[in-house]
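# A structural walkthrough
Chain by chain, the residues:
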Amino acid sequence: MSQQSDQVNKLVLDDLDIGIIKEMIKDAEVKSTFLASKYDSPLSTIQRRRAKLEHTILKKKYYINISMFHWRRADLMISVDGDCGEAVSELLRSFGKNIISTSLRIGDPQANIVAAVFYKDSRELLNLMDGIRSINSVRCVKWSEVVRDFGPTDAGIETILSSQT
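Residues numbered from 1 in each chain as written. Predicted model: local features only at pLDDT ≥ 70, side-chain atom pairs only at ≥ 80, totals over all residues. Heavy atoms only, no water.

### Quick notes on the pattern of salt bridges
A full pass over the atoms with the stated rule returns 11 salt bridges. The shortest N-O distance in the salt bridge between D17 and R49 comes to 3.3 Å. Here R49 lies in helix 4 (residues 43–56) and D17 lies in helix 2 (residues 15–26), a separation of 32 residues in the sequence. In this structure R49 comes out as buried when scored by relative accessible area, which is 17%. Put simply, K60 and E29 hold a salt bridge, and the shortest N to O gap is 2.8 Å. (Salt bridge = Lys/Arg side-chain N within 4 Å of Asp/Glu carboxyl O. Helix = DSSP H or I, 4+ residues; strand = E, 2+ residues; numbered from the N terminus. Buried < 20%, exposed > 50% of the residue type's maximum accessible area, 1.4 Å probe, protein only.)

Below is the structure:
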């Protein structure tokens, strides 16, 4: 087991940790002074706890807000026969300029690869889907556009974290 896994297994979260996590998930740039005031804790305690959480269970990622460039985003659910790895390689080789990420999925017999893609208009999305359908092992391609992201819920966060307290 890795050192980081050992740290997480030994991690004991209290109400203050859970509060810090919730605030940081809402706003990764939240100020420690705000957290200290809100949770009536010394700034040094907040800073120490925050650093511990950032080094173990919290991961901060930047992403490009593609809508600022007038791009749209969709998830393509792709059903392939045979080797998914080979299909993903071909997908990235041929259409990588429009792909944000790919993942292998189980559970839905109609889709075993999901590709997050970006595009300017419906015609570009249709051309992208037609091109992907032309890959030999691809049986089917469906799409779903992200219209609005509501973000994480406090209840979901509570469920995940409650197993650690």
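### Looking at the sheet that holds strand 1 (residues 72–80)
Read from one edge of the open sheet, four strands run 2-3-1-4, paired in antiparallel fashion. Either end of the sheet is taken by a strand with one partner, and the two such strands are strand 2 (99–104) and strand 4 (138–145). In this sheet, neighbouring strand axes are inclined to one another by 20 degrees on average, regardless of whether the strands run parallel or antiparallel. Pairing geometry for strand 1 and strand 4, over seven bridges, is antiparallel. Considered in strand 4, the bridge of M77 is made with K142. In the packing of helix 5 (residues 84–95) onto the sheet, contacts are made with strand 1, strand 2 and strand 3 (113–119), and the angle to strand 2 comes to roughly 175 degrees. Helix-sheet contacts for helix 6 (residues 122–133) involve strand 1, strand 3 and strand 4, and the interaxial angle to strand 4 is about 155 degrees. (Pairing = 2+ DSSP bridges. Axes fitted to C-alpha atoms, helices over the stretch in contact; angles between N-to-C directions. Contact = heavy atoms within 4.5 Å.)

### Some thoughts on helix 6
Because an α-helix packs 3.6 residues into every turn, residues spaced three or four apart end up facing the same way. Counted at 1.5 Å a residue, the expected span for helix 6 with its 12 residues is 16 Å, and the 16 Å between its end C-alpha atoms agrees. Three or more residues of helix 6 are buried, namely L125, L128, M129, G131 and I132. Down the axis of helix 6, the buried set is contained in an arc of 160 degrees. They therefore lie on one face. Considering only its buried residues, helix 6 is in contact with strand 1, helix 5, strand 3 and strand 4. (Expected span 1.5 Å × (residues − 1). Arc of directions from axis to C-beta.)

### Quick look at unusual backbone geometry
Notably, D40 is not glycine yet its phi reads approximately 50 degrees, a positive angle. You can see D40 is positioned in the loop between helix 3 (32–38) and helix 4. One non-glycine residue, H70, adopts positive backbone phi at about 65 degrees. Among the structural elements, H70 can be located in the loop between helix 4 and strand 1.

### Considering a nonpolar patch on the surface
Residues I64, M68 and F69 make up a contiguous nonpolar surface patch of about 380 Å² in total accessible area. If you trace the backbone, M68 turns up in the loop between helix 4 and strand 1. Under the relative-accessibility criterion, M68 is labelled exposed at 61%. (Patch = residues over 30% accessible without salt bridge, like charges linked within 9 Å, V, L, I, M, F, W, Y side chains within 5 Å. Areas by Shrake-Rupley, 256 points an atom, 1.4 Å probe, with all protein chains shown as cover.)

### Brief notes about the packing of aromatic side chains
Throughout the structure, instances matching the rule amount to one aromatic pair. Ring centres of W71 and F118 lie 4.8 Å apart, and the angle between their planes is 80 degrees; on these two criteria the pair is classed as edge-to-face. Here F118 lies in strand 3 and W71 lies in the loop between helix 4 and strand 1, a separation of 47 residues in the sequence. Residue W71 is classed as partly exposed on the basis of its relative accessible area, which comes to 25%. Between the NZ or CZ atom of K120 and the centre of the ring of W71, over which it lies, the distance is 4.5 Å. (Phe/Tyr/Trp six-rings, centres within 6.5 Å; stacked < 30°, edge-to-face > 60°. Lys NZ or Arg CZ within 6 Å of the ring centre and 35° of its normal.)

It is worth stressing that arrangement in space is one thing and function is another; only the former is reported here.
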